[in-house]
Amino acid sequence: MSNARQFCTFYLDRLLFGMESQKIQEVVTYRELRPVPLAPAVVSGLMNLRGQVVVALELRRQLELPERSADLTPVCLVVRAAGGTVCLLADEVGNVVEVEDESFEALSETLSARLRSVILGVHKLDLQLMHVLDTDQVCKIEAIGQSS
Amino acid sequence: MNDSDDIVKEFLVESHENLDRLDRELITLEKEPNDREVLASIFRTIHTIKGTSGFLAFDKLGAVAHAGESLLGRLRDGQLALDREITSALLATVDAVRQMLAGIEATGVEGERDDSALISRLTRLQKIPEAAAKSEVVVAQETVPEPVSKSAPEAAALPASPGDTSIGDILMRCAGVTPAEILLAVKSQKEGDPRHMGEILVEQGAVRPADVVDALRVQQAARGQSASDSTIRLDVGLLDHLMNLVGELVLVRNQVLQFTNRIEESGLATTIQRLNRITSELQEGVMKTRMQPIGNLWSKLPRTVRDLALGCGKRVRVEMEGEETELDKTLIEAIKDPLTHLVRNSVDHGIERPEVREAAGKDPEGRLALRAFHEGGQVNIEISDDGAGLDQERIRDMAVQKRLISAEAAGRMSDREIVNLVFLPGFSTAETVTSVSGRGVGMDVVKNHIEKIGGTVDLQSKLGQGVMVRMKIPLTLAIIPALIVSSAGERYAVPQVNLLELVGLDGEQARNGIEFIHGAPVYRLRGRLLPLVDLASALQTTAAQAATAKLHGPGVNSERVNIVVLEADGRRFGLVVDEINDTEEIVVKPLNQQLKNISVYAGATIMGDGKVALILDVLGLAQRANIPPDIRERLPDAGVQAVTGAAVKQKLVLFTGGAGARMAVPLQLLRRLENIPGAEVERSGNQWVTQYRGQILPLIHVSQALTGHGVEDQWNLSSGEPSGKDAPGLPNTAMLPVLVLEHDHQSFGLVVAQILDIVESTLEPQSPATRAGVLHCSVIEGRVTELLDVPALLGAGEMCESAAAHAAGS
């Protein structure tokens, strides 16, 4: 781990989250999604990203947070993950922050094993804690698949 | 990446191409050992590899290439004649080089290898047999001069072939240099003159320096036109990206077109028209960049065939036609394995050993022909051999033995249907398992692969005359014609290859046309039951409940039912959708890797309005809905003829038993329909009989046999008249309708309540039998009908008799 790292931050249910900025390709405005029947609940739908069909995942569901109220329009973080380009839906985009390794703290064991695999830990920022997400893990669609 | 990495990469790509060509050329050379052009080309290729590996300090590679080159040099100089041993050694060299290149590609260095055995083999082969050596060298120099001078006279008449333009040729054509002068120059070059041809000729006074400069320029230009210089290598990723952009452009174009329809402005309209045209052309052009000639794939086959044929002591000649036929790169890759498999099959099982062939009066050398051509928007690929062909009888026996089809069905199949049984899973006729093929997985996998890319495969064979397999595959996968349908407010694309027909039910039909078997909806399509799958319920969309209600509640406000009749891998079903929109050419976009386990989608596409639509995978959908594969559809021309016992179209006699229950027996068991007066029914022991055509015909009452009720009751029931005080149960006055049936050379009369009709129907077992003596229940003519199990009925009759006999005896 290098000393200073850049994170792109965003909000979900008033909590602050961060992902390594180099993994984020772009942030685009929300557009209509094509739902995918039979897909796991975390899959919000498919999005036309300049001719490319990209799957959009609801971060709130992925992180087991309460559902977003209908009057809030999410933003789309386009992320390059191991399994291909994925679009993650968040409440609001923050900004780019630079953090030092010293402010990092691992998660306590009290969180569920699944959440601990997605959230690497927190950075103690001045105003708020920033949850650091594992990009590849957060872009994984749980293999619920076909079973009805 | 630094420069030297780039050079290595370039070298690897180029060498791989060259090696593939080498394989091909060596095989050609083995057949035509005197083809100097091919020999020269091989020599050049190996020489290039040697030179570049020296430059890049791949010493081991260089050493192998050098040994190969020396051997080739002897061949080129006519000091050695090519034989099978030398060809094998040269092919081994190609393999070694290929392995080393693979190693370099993986690790960047040559690694530890020992090629000394190969090198010494190559060196040993270079040794010219002592006696022949001297004279041959002389002969070679006199009668077979250098390639340059040999081709000289023709060169004057013909334009020099690109890439093969030698300066000597050009000087002869343009500057009046005589072949003799060239020969002299070549000779002095051979004797060690290090100078270029031009310099020597100038010194000899045969040509002016200016002419040489001109000739060099001509040479440059000629080489510039050659294929290798007019092409560039591209990353496929870049092409895919271009393809995406063009797809996007097409969508924007469509949107713009929609806008212009609302604006009255002639200038804009013309501009848009041009945009329209250019976009279409651009799209076509980009599509073309992905097309590759099938020859690229075939080029590897002669080598495979040669090695295989040598391995099993056969002689096989490969013929190709239509190598230039183009198809999409992804398809070329998709058909690679099936094609190789078929070719291996032909060599391993099809073509006989030379002595067998001679005994059969055939050319000892077998022929394997590959043919490709475009037809009706598809690419046809035929692989045929003149080998032993398929033995229909054996296939028939094996299919029955392996319980792939019933013996009865097998007896009715045509020869062509029989040979296509080899595509059934679990079928293999190879008696011995060889290293090549015959593991029992084969043709079904081939068929699977081809069908996966929307193609079809068919086999024809005549015993003793060979086999021909024909594959039909689409030109491209990237753009497919599809039917757009809507369900639950969303659009879906159904690939046109799976589409059989569209059925729309209106009004009365919509309310009553759909029937149910244990809650599963079916539709009677021309007398056959078509299982229905409601798209919304299959996908469990929120509107599913409403849709299910529409199907399930007869007459519940369903104004119109749209059925899309689909077929995939022999599974046929009707997909019920809300709306059938249009057919369109759609650009297939892959789904995220993680969504691929949802088997009902084949991908996604972007519609004209920029919205995403899902492409349905018809096979996945059929599997999800538990539509069973229907063996009839696996076979060509089997539409009319029945094939299996599982679902057959056959003629049936319909009748009612007691209590109005509808029943049927196969017509083929029926001998006659008779009305027998009740008075003629007699009793023999516990068995009712009648005298019929001079014989005693046992009578079985259908209701009695099925329910085991008392005989008397049943007779009464059937006659519909109370028999009252008549002799026990004998309906004296009534006429009894009797089906005279024959089973197992035994005739008997089946007494029924009423004979209804003779119908031809597809017998699809819809529900299992509810009682003994019944095979299963089907829906025939819109009514639930029991198909009787005649042998079981007979057995029941016999049991009655024996019970009676027993009772009598006691």
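Conventions used here
Residues numbered from 1 in each chain as written. Chains lettered and ligands numbered in written order. Predicted model: local features only at pLDDT ≥ 70, side-chain atom pairs only at ≥ 80, totals over all residues. Helix = DSSP H or I, 4+ residues; strand = E, 2+ residues; numbered from the N terminus. Buried ≥ 20, exposed ≤ 12 C-beta atoms within 10 Å, placed from the backbone. Contact = placed C-beta atoms within 7 Å. Expected span 1.5 Å × (residues − 1). Pairing = 2+ DSSP bridges. Axes fitted to C-alpha atoms, helices over the stretch in contact; angles between N-to-C directions. pLDDT = per-residue confidence, 0-100. Parallel < 35°, antiparallel > 145°, perpendicular 65-115°, else oblique. Left-handed = near helix turned anticlockwise from the far one by under 90°. Nonpolar A, V, L, I, M, F, W, Y, C, P; charged D, E, K, R; others polar. Core = buried A, V, L, I, M, F, W, Y, C linked by C-beta atoms within 7 Å.

Undergrad: Quick one: what's the story with the overall build of chain B, residue by residue and with numbers?
TA: Broken down by element type, chain B carries 30 helices and 30 strands. Relative to its 810 residues, chain B shows a buried fraction of 34%. Counted over contacts in chain B with a minimum sequence separation of 6, partners at least 24 positions apart contribute 64%.

Undergrad: Explain the overall build of chain A to me, using residue names and the numbers behind them.
TA: Looking only at helices and strands, chain A has three helices and eleven strands in total. Order of helices (α) and strands (β) in chain A, N terminus to C terminus: β-β-β-β-β-α-β-β-β-β-α-β-β-α. Contacts in chain A between residues at least 24 apart in sequence constitute 57% of all its contacts with a sequence separation of at least 6.

Undergrad: Which residues make up helix H14 (residues 236-260) of chain B, and what values go with them?
TA: Residue and element names in this part refer to chain B. For H14, spanning 25 residues, the distance from its first C-alpha to its last is 36 Å, which sits close to the expected 36 Å at 1.5 Å a residue. Within H14 the residues assigned to the buried category are Gly 247, Val 250, Leu 251 and Arg 253. Buried residues along H14 sit in contact with helix H15 (266-289), strand E16 (579-587) and strand E17 (601-606).

Undergrad: For the interface of chain B and chain A, give the residues involved together with the corresponding values.
TA: Tallying the contact residues gives 25 residues for chain B and 24 residues for chain A. Elements supplying a minimum of two residues to the side of chain B that touches chain A: H14, E17 and strand E18 (612-616) of chain B. Per-element accounting of the side of chain B that touches chain A gives the leading share, four residues, to H14 of chain B.

Undergrad: I'd like to hear about the sheet that holds strand E6 (residues 75-81) of chain A, residue by residue, with values.
TA: Residues and elements named next belong to chain A. Read across the open sheet, the five strands follow the order E3-E6-E7-E5-E4; overall the sheet is mixed. In this open sheet, the two edge strands, each paired with only one partner strand, are strand E3 (24-29) and strand E4 (43-49). Sheet twist, expressed as the average angle between the axes of neighbouring strands with direction ignored, equals 30 degrees. Bridge count between E4 and strand E5 (residues 52-58): six bridges; the pairing is antiparallel. Among the inter-strand pairings, Val 43 is bridged to a residue of E5, identified as Leu 57.

Undergrad: Could you give an account of the confidence of the model for chain B, naming the residues involved and the relevant values?
TA: Residues and elements named next belong to chain B. Looking at chain B as a whole, its pLDDT mean stands at 74, while 78% of the residues score no less than 70. Confidence drops under a pLDDT of 50 for residues 710-714, and excluding neighbours within four residues, the segment shows nine contacts in the predicted structure. Within the model, pLDDT remains below 50 along residues 716-732, and this stretch shows 35 contacts once partners closer than five positions in the same chain are excluded.

Undergrad: Requested: an account of the sheet that holds strand E6 (residues 456-462) of chain B, with residues and values cited.
TA: Residues and elements named next belong to chain B. If you walk across this open sheet you meet the five strands as E2-E4-E5-E7-E6, and the pairing is mixed. Since the sheet does not close on itself, it has two edges, and those belong to strand E2 (316-321) and E6, each with one partner. For this sheet, the mean inter-axis angle between neighbouring strands, taken without regard to orientation, is 15 degrees. The pairing of E2 with strand E4 (residues 366-375) spans six bridges and is classified as parallel. Bridge pairing in E4 links Glu 321 to Arg 371. Along the sheet, helix H23 (residues 443-452) makes contact with E6 and strand E7 (466-474), crossing E6 at roughly 140 degrees.

Undergrad: How would you summarise the packing of H14 of chain B against H15 of chain B if you had to cite specific residues and measurements?
TA: Residue and element names in this part refer to chain B. Axis separation between H14 and H15 bottoms out at 10 Å; the angle between their running directions is 160 degrees. With respect to their mutual orientation, H14 and H15 come out roughly antiparallel. In the crossing of H14 with H15, the sense of the turn from one axis to the other is left-handed. Seen from H14, the contacting residues are Leu 239, Leu 242, Met 243, Val 246, Leu 249, Val 250, Arg 253, Val 256, Leu 257 and Thr 260; seen from H15, they are Leu 268, Ala 269, Ile 272, Leu 275, Asn 276, Thr 279, Leu 282, Gln 283, Val 286 and Thr 289. Classifying every residue of the contact of H14 with H15 by side-chain character gives 14 nonpolar, five polar and one charged.

Undergrad: I'd like a rundown of the environment of Pro 364 of chain B, residues and numbers included.
TA: Residues and elements named next belong to chain B. Considering the arrangement of structural elements, one finds Pro 364 in the loop between helix H19 (354-359) and E4. Of the residues examined, Pro 364 has 14 C-beta atoms within 10 Å and is grouped as partly exposed. For the pair formed by Pro 364 and Pro 354, sequence separation is ten residues and the distance between their alpha carbons is 4.4 Å. Here Pro 364 is in contact with Arg 315, Pro 354, Arg 357 and Glu 358, once residues within four sequence places are set aside.

Undergrad: Residues and numbers for the nonpolar core, please.
TA: If you look at the biggest cluster of nonpolar residues, it comprises 87 residues, and the most contacted ones within it are Leu 46, Ala 56, Leu 57 and Leu 88 of chain A together with Val 494 and Leu 616 of chain B. Once residues within four sequence positions are removed from consideration, Leu 46 of chain A is found in contact with Leu 33, Arg 34, Val 36, Val 53, Val 54, Val 55 and Ala 56 of chain A together with Ala 604 and Val 612 of chain B. The next biggest cluster of nonpolar side chains, apart from the first, holds 44 residues, and it includes Ile 351, Leu 390, Ile 418 and Val 419 of chain B.

Undergrad: Explain the environment of Lys 9 of chain B to me, and be specific about the residues and the numbers.
TA: Tracing the backbone through its elements, the reader meets Lys 9 of chain B in helix H1 (residues 3-31). For Lys 9 of chain B and Ile 104 of chain B, which are 95 residues apart along the polypeptide, the C-alpha to C-alpha distance reads 9.6 Å.

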